[in-house]
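Notes for the structure review
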Amino acid sequence: LGLAPALGCDQADELRALDASELGERFACDDLTAVAAAPDGSVALMLGIEDGLVAAAHNSGQTVIADYALPDERLTVRWVEGSNVYQGHCARDSGQAWGLDERFDAISGHVTVELVPQADGGVQVSAAFDGLVLETEDDDDEFELAPLTLDALTIDPA
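Every chain is numbered on its own, with residues counted from 1 as its sequence reads. Local features in a predicted model are, by the rule used here, given only for residues with pLDDT of at least 70; side-chain atom pairs are given and counted only at 80 or more, and totals for whole chains, interfaces and linings are based on all residues. Only hydrogens and water are set aside when side-chain values are computed; all heavy atoms of the structure are taken into account.

1. Considering the nonpolar core
In terms of nonpolar packing, the biggest core is built from 39 residues, with Leu47, Val77, Trp79, Val113, Leu115 and Phe129 touching the most fellow members. Counting from the N terminus, the helices are the DSSP runs of H or I reaching at least four residues and the strands are the DSSP runs of E reaching at least two. Ranked by residues supplied to this core, first place goes to strand S9 (residues 123–136) with six residues. Discounting chain neighbours no more than four positions away, the residues touching leucine 115 are Leu32, Leu53, Val54, Ala57, Gln62, Thr63, Val64, Val123, Gln124 and Val125. The term nonpolar core refers to a set of buried residues drawn from Ala, Val, Leu, Ile, Met, Phe, Trp, Tyr and Cys, joined through side-chain atoms within 4.5 Å. Burial status follows relative accessibility: with a 1.4 Å probe on protein chains alone, a residue under 20% of its type maximum counts as buried, one over 50% as exposed, and anything between as partly exposed. Residue contacts follow a heavy-atom distance rule, with two residues in contact if any of their heavy atoms lie within 4.5 Å.

2. Some points on the layout of surface pockets
In the cavity and pocket records, a cavity denotes points on a 1 Å grid over the protein atoms alone where a 1.4 Å probe fits but cannot get out, a pocket denotes an open set with protein on both sides within 12 Å along at least 5 of 7 lines, and lining residues are residues with an atom within 4 Å of a point. Grid points are joined across faces, edges and corners, and a volume is the space filled by probe spheres set on the points. As a volume, the largest pocket reaches approximately 220 Å³. Elements with a minimum of two residues in the lining of the largest pocket: strand S4 (33–37), strand S5 (43–49) and strand S7 (75–83). Examining the composition of the lining of the largest pocket, we find that four residues originate from one element, S5, more than from any other. Residue composition of the lining of the largest pocket, grouped by class: five nonpolar, four polar and five charged. Amino acid classes used here: Ala, Val, Leu, Ile, Met, Phe, Trp, Tyr, Cys and Pro are nonpolar; Asp, Glu, Lys and Arg are charged; the rest, including Gly, are polar.

3. A closer look at the packing of aromatic side chains
Aromatic rings from Phe, Tyr and Trp, taking only the six-membered ring of Trp, are treated as a pair when their centres fall within 6.5 Å; an angle between ring planes under 30 degrees marks them as stacked, one over 60 as edge-to-face, and anything in between as tilted. Per the counting criterion, the structure on display carries two aromatic pairs. Ring centres of phenylalanine 104 and phenylalanine 143 lie 4.6 Å apart, and the angle between their planes is 75°; this geometry places the pair in the edge-to-face category. Here the residue phenylalanine 104 occupies a position in strand S8 (residues 99–117), and phenylalanine 143 occupies one in strand S10 (residues 142–145), the gap between them amounting to 39 residues. Like phenylalanine 143, phenylalanine 104 is buried. It is arginine 92 that lies over the ring of phenylalanine 27; its NZ or CZ is 4.1 Å from the centre. Charge over a ring is defined by NZ of Lys or CZ of Arg lying within 6 Å of the ring centre and within 35 degrees of the ring normal.

4. Things to note about the environment of serine 94
Relative to the helices and strands, serine 94 is located in the loop between S7 and S8. Given the relative accessible area of 26%, serine 94 is considered partly exposed. Serine 94 sits 10 residues away from asparagine 84 along the chain, and the two C-alpha atoms are 5.6 Å apart. Beyond its immediate stretch of four places on either side in the chain, serine 94 contacts Asp40, Asn84 and Tyr86.

If you want it as structure tokens, here you go:
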């Protein structure tokens, strides 16, 4: 799922692509976690931002837009494969035992997030990923994430 050769690159510079477009389970929580995952929990793209964005949207009552260039110590963007890989994130659990087979961490690219406060006290989050390059845990292989937008994920009121 999701691995395909990149087009238009010289063989030596070729990066394999990760495609999260078919990861249909999408959710967000906290301040700020956003996830796109396979419903069975076998694959997930996870975004974590430690920058107080949800609190800023709540406190101001205004839309908050933030753009990040990686690497940035406030961001974690990770692609994981295994079993129940999203366990412990946003109270999700596939019911299977947690197991991690592969992990790729973003080392470059851009992430733009938009947070829109809702009348019920919740926050609607959208995140766009562009030009992300992810590296395996042992730094021996790199992958490119196909451009992706996670639209209108809801963080429930606290």
